[in-house]
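One letter stands for each residue in the lines below.
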Amino acid sequence: MEKKKLGIVWIVFGLVLVLAVALLARAASSQRRPSEELVLAQITIHEAGWDDTGDAEGIDAVLRAGAAREGISYRAFARAYSGRIWTGETNKRWVRHLDESCTAPEEWPAATVRRGVDSASGEETYVRVPHAPWRTYRERCLAVMERAREIRSGVRTHHCMSEPHDWGGAVDHERAARLGLIPIDCSAGDVETRNTFYARPSLVRGTL
């Protein structure tokens, strides 16, 4: 009888252990695979900052079309297109640690460098000053997350004059011109996007 009871105990223990491992595996999988909304928000914050200028919608359109064109998932295309964000090879390393609840991310800077100009000599000056704490940015982060959810659900759509295939900042203008990319307007009314969006000639030939 004692052996039977002991056997039951071990069976129950085994089931509990299997359940615990399954739950841990699910949690790990969830951490490895952020939602599409979070991916879009992370890219938007990195590429365009906190304000609503239409960039998020344009970026989503690029990622959505690219994923369909390549036959891969939205997340996979986003990581292929903007992979440096998640490897930390940028000046906003903290972006990769953002979550949908906008808790304070790891690597949030304690200080920043402020550029100035010496009034006497005219020379540029750089002063290290304390960075604003995360709590002053959390509401802005939550607003971006909400916009990302609305975009992925179809409530918000891009304002581009045609489907965008790429985007880039000022540092990318020369390369875009060299590649022959066609700038397209993605502004929302009179609000210009922070990034420039482009159409690829090979994908719009005969349609523009």
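Residues numbered from 1 in each chain as written. Predicted model: local features only at pLDDT ≥ 70, side-chain atom pairs only at ≥ 80, totals over all residues. Heavy atoms only, no water.

**Observations concerning the pairing of strand S5 (residues 196-199)**
In this sheet, S5 lies alongside strand S3 (residues 166-168) in antiparallel orientation, the contact comprising three bridges. Across the sheet, the residue bridging to Asp166 is Tyr198, located in S5. (Pairing = 2+ DSSP bridges. Helix = DSSP H or I, 4+ residues; strand = E, 2+ residues; numbered from the N terminus.)

**Re helix H2 (residues 36-48)**
Residues spaced three or four apart along an α-helix point in a common direction, a consequence of the helix completing one turn every 3.6 residues. Between its terminal C-alpha atoms H2 stretches 18 Å, which fits the 18 Å expected from 13 residues at 1.5 Å a residue. H2 sits mainly inside the fold: 10 of its 13 residues count as buried. As for H2, its buried residues are in contact with helix H3 (55-70), helix H4 (74-81), helix H5 (84-87), helix H6 (138-153) and S3. Following H2 by one or two positions, Gly49 adopts a phi angle in the positive range, close to 85 degrees. (Expected span 1.5 Å × (residues − 1). Buried < 20%, exposed > 50% of the residue type's maximum accessible area, 1.4 Å probe, protein only. Contact = heavy atoms within 4.5 Å.)

**Here we look at the nonpolar core**
Core analysis: the biggest nonpolar cluster contains 36 residues, and Ile43, Trp50, Leu63, Trp94, Leu98 and Trp134 have the highest contact counts within it. Residue assignment for this core shows that the elements contributing at least two residues are H2, H3, H4, H5, H6 and S5. With sequence-adjacent residues up to four places away left out, Leu98 is seen in contact with Leu38, Gln42, Ile45, Pro105, Trp134, Cys141 and Met145. (Core = buried A, V, L, I, M, F, W, Y, C linked by side-chain atoms within 4.5 Å.)

Nothing here speaks to function; it is geometry throughout.
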